[in-house]
Amino acid sequence: MTDSTNTVSSNQTKGTPPSLPLTLNIQFTKDLSFEVPHGAAIFASLQEAPQISVSIDTNANRLNENGVYEVSLKIKIDAVEAQKQNEGASRTIFIAELIYCAVVTLNNPPEELIEPILLVEVPRLIFPYARNIISEVTRDGGFPPVVLQPIDFVSLWQNKQQQAAQTHTEAGHA
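Residues numbered from 1 in each chain as written. Predicted model: local features only at pLDDT ≥ 70, side-chain atom pairs only at ≥ 80, totals over all residues. Heavy atoms only, no water.

Participant: What's the story with the pattern of salt bridges in this structure? I'm lost.
Facilitator: Opposite charge on two side chains permits them to pair, given that their charged atoms come into close proximity. In this structure the tally under the stated criterion is 5 salt bridges. Note that Lys-160 is salt-bridged to Asp-57, the shortest N-O span being 3.1 Å. With Lys-160 in helix α4 (residues 153-173) and Asp-57 in strand β2 (residues 51-62), this residue pair connects regions lying 103 residues apart in the sequence. (Salt bridge = Lys/Arg side-chain N within 4 Å of Asp/Glu carboxyl O. Helix = DSSP H or I, 4+ residues; strand = E, 2+ residues; numbered from the N terminus.)

Have a look at this one:
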């Protein structure tokens, strides 16, 4: 009888998943704006909770040929007065805009994974920090904090791809 040994990688023995081909170098606030267009008058006349609309976008830019990218997560929040039947246009209560970024290095990922890593995984990693900034700036602005719900970055990325494909198709027929 001979003894045979099976070699198992250290990741498999510890039960940890394989690591992403990604290094998160730094994250930072690139731009932050909070505006109350009507000033103190809005606090005196506000009677109902405002209607909040949120828009979110992601973008990635290559910084150099060594696989270093800047990934940005742009969040814009508009709060307007609830529209009443007898009144005209609703007044803007506040506007909050944030561009939160990360500088990442990709370590030789397969070509087909570059875009999903940059536009799905990195935003997923930095979103909790951006969400906290939005919550604090709205609270510090004198309003109840806006706590953003988790975002499905996969759907956001897929919608962006569909829009790009549709724009490309329409441009081809012009």
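Participant: Explain the pairing of strand β4 (residues 92-106) to me, please; I cannot follow it from the model alone.
Facilitator: Burial within β4 is extensive, with 12 of its 15 residues counted as buried. Taken together, the 12 bridges between strand β1 (residues 22-35) and β4 define a ladder with antiparallel strand orientation. Across the sheet, residue Leu-32 finds its bridge partner in β4, namely Leu-98. As judged from the 13 bridges shared by strand β3 (residues 68-80) and β4, these two strands associate in the antiparallel manner. Across the sheet, Val-80 pairs through a bridge with Thr-92, a residue of β4. (Buried < 20%, exposed > 50% of the residue type's maximum accessible area, 1.4 Å probe, protein only. Pairing = 2+ DSSP bridges.)

Participant: Even after reading the chapter, I still don't get the sheet that holds β4, so can you show me in this structure?
Facilitator: Within the open sheet, the 4 strands sit side by side as β1-β4-β3-β2. Their pairing is antiparallel. Each of the sheet's edge strands pairs with one partner strand only, and the pair in question is β1 and β2. If you compare each strand with its neighbour and ignore which way they point, the axes differ by 15° on average. Sheet contacts for helix α3 (residues 111-140): β1, β2, β3 and β4; angle to β4, the most-contacted strand, approximately 140°. (Axes fitted to C-alpha atoms, helices over the stretch in contact; angles between N-to-C directions. Contact = heavy atoms within 4.5 Å.)

Participant: Help me understand the environment of Asn-132, please; the structure alone is not making it clear to me.
Facilitator: Within the secondary structure, Asn-132 sits in helix α3. For the pair Asn-132 and Val-147, spaced 15 residues apart in sequence, the C-alpha to C-alpha distance is 7.7 Å.

Participant: Can you walk me through α3 in this structure?
Facilitator: The α-helix winds at 3.6 residues per turn, so residues separated by three or four positions along the chain end up facing the same way. The terminal C-alpha atoms of α3, which comprises 30 residues, lie 43 Å apart, in line with the 44 Å expected from a rise of 1.5 Å per residue. Ile-117 marks where α3 bends most, by close to 45°. One or two positions beyond α3, positive phi appears at Gly-142, with a value near 100°. (Expected span 1.5 Å × (residues − 1). Bend = angle between axes of the 7 residues up to and from the residue.)

Participant: Whenever I open this one, the nonpolar core confuses me. Can you help?
Facilitator: Soluble globular proteins tend to bury their nonpolar side chains together. By size, the foremost hydrophobic cluster in this structure holds 33 residues, and its most contacted members are Leu-73, Ile-75, Ile-77 and Val-104. Sort the elements by how many residues they give to this core and α3 lands first, with 11 residues. For Leu-73, the contacting residues outside a window of four places in its chain are Ile-56, Asp-57, Thr-58, Leu-98, Ile-99, Tyr-100, Pro-123, Ile-126, Phe-127, Ala-130 and Phe-153. (Core = buried A, V, L, I, M, F, W, Y, C linked by side-chain atoms within 4.5 Å.)

Participant: Sorry, what's going on with the environment of Tyr-69 here?
Facilitator: When you line up the elements, Tyr-69 lands in strand β3. Judged by relative accessible area, which is 9%, Tyr-69 ranks as buried. Spatially, the C-alpha atoms of Tyr-69 and Leu-118 are 8.1 Å apart, while their sequence positions differ by 49 residues. Here Arg-62 takes part through its side chain, which lies 3.0 Å from a polar atom of the side chain of Tyr-69. (Polar contact = N/O pair within 3.5 Å; in protein donor to acceptor, adjacent residues only side chain to side chain.)

Participant: So what exactly am I meant to see when it comes to the side chain of Thr-138 here?
Facilitator: Here Thr-138 shows up in helix α3. Each residue touching Thr-138, except ones within four places of it in the same chain, is listed here: Phe-34, Phe-94, Phe-143, Pro-144, Pro-145 and Val-146.

Participant: Can you walk me through unusual backbone geometry in this structure?
Facilitator: Keep in mind that most residues, glycine aside, have a negative phi and that most peptide bonds are trans. The phi angle at Asn-108 is positive, at roughly 50°, despite the residue not being glycine. Following the sequence through the fold, Asn-108 ends up in the loop between β4 and α3. Taking the relative accessible area as the measure of exposure, Asn-108 reaches 76% and is therefore exposed.

No statement about biological role is implied by the geometric values presented.
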